[in-house]
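Listed here are the chains, written in short residue letters.
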Amino acid sequence: MKGRAKIDPIDLRIIELLSKDARMTYKELAEALGTTRQRISRRMEKLERMGVIQKYTVVPNFDLLGYSYVLLGITLKAGVNIDEAIGKLKEIKHVTIIQKALGTHNLVVHVVAPKDMKEIQAIIEEISKAVPGIEHMDVTFITETCKYELF
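These numbers come from a predicted model, not from an experiment.

**Q** I'd like to hear about the sheet that holds strand β1 (residues 67-76), residue by residue, with values.
**A** The 4 strands are arranged β2-β3-β1-β4 in an open sheet whose pairing can be described as antiparallel. At either margin of the open sheet sits one strand with a lone partner, and together these are β2 (95-100) and β4 (134-142). Going across the sheet, the axis of each strand differs from the next one's by a mean of 20°, ignoring polarity. By the bridge criterion, 5 bridges tie β2 to strand β3 (residues 107-114) in an arrangement that is antiparallel. Of the residues in β3, the one forming a bridge with Ile97 is His110. Contacts from helix α5 (residues 82-90) reach β1, β2 and β3, with the element oriented near 170° to β2. Relative to β4, helix α6 (residues 117-130) is tilted by about 150°, and along the sheet it contacts β1, β2, β3 and β4.

The structure is reproduced here in structure tokens:
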């Protein structure tokens, strides 16, 4: 695309509504915004084409499914190629989200694993061995998600 289309307050409101309920229909969005389904459709196509909306997803309750949700804060040694580390992480089955970060850690890695502590330990060891140049890794077990709003 040559120029970037502008995001206006209506686009932002669509994103806000969908972040609360990604299952909203175009009709429901149109009613909430006082417009037509056709206008919502055009805006949705634009937001997807621009990459503003990247994915529609489900937020599962891992505990009820019998899984643990673990966050790993990974600090890499100076000079380590972060993109190479990300490539290695992408190959690991239980890694679900990889985020580049600024601050204490270079990477924040989300892991969904069976509740068995030995299996979790094995997954963390697999990550430690696979990713070159880890200086430090903080492990945090998520016990409950109290709020999940992206916008």
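Structure's up, so let's keep going.
**Q** Account for helix α1 (residues 9-20), with residues named and values stated.
**A** Taking 1.5 Å of rise per residue, 12 residues should cover 16 Å, and α1 covers 17 Å from first to last C-alpha, within 8% of that figure. What α1 keeps buried is the set Asp11, Ile14, Ile15, Leu17 and Leu18. Along α1, the residues classed as buried sweep out an arc of 165° about the axis, all on the same side. Looking at the buried side of α1, the elements it contacts are α2 (26-33) and α3 (37-50). For α1, the capping residue at the N-terminal end is Asp8, with a side-chain oxygen 3.0 Å from the backbone nitrogen of Ile10.

**Q** Which residues make up α6, and what values go with them?
**A** Think of an α-helix as turning once every 3.6 residues; residues three or four places apart then point the same way. For α6, with 14 residues, the first-to-last C-alpha span of 20 Å sits near the 20 Å given by 1.5 Å per residue. Ile120, Ile123, Ile124 and Ile127 are the residues of α6 that are buried. Looking straight down α6, one finds that the buried residues subtend no more than 95° of arc, so they occupy a single side. For α6, the exposed residues lying more than 90 degrees away from the buried face are Lys118 and Lys129. If you follow the buried residues of α6, they end up packed against β1, α5, β2, β3 and β4. Capping of α6 at its N-terminal end is provided by Asp116; its side-chain oxygen lies 3.1 Å from the backbone amide nitrogen of Lys118.

Reading the values: rules and limits
- Residues numbered from 1 in each chain as written.
- Predicted model: local features only at pLDDT ≥ 70, side-chain atom pairs only at ≥ 80, totals over all residues.
- Heavy atoms only, no water.
- Pairing = 2+ DSSP bridges.
- Helix = DSSP H or I, 4+ residues; strand = E, 2+ residues; numbered from the N terminus.
- Axes fitted to C-alpha atoms, helices over the stretch in contact; angles between N-to-C directions.
- Contact = heavy atoms within 4.5 Å.
- Expected span 1.5 Å × (residues − 1).
- Buried < 20%, exposed > 50% of the residue type's maximum accessible area, 1.4 Å probe, protein only.
- Arc of directions from axis to C-beta.
- Polar contact = N/O pair within 3.5 Å; in protein donor to acceptor, adjacent residues only side chain to side chain.

Shape is all these values report; function is a separate question.
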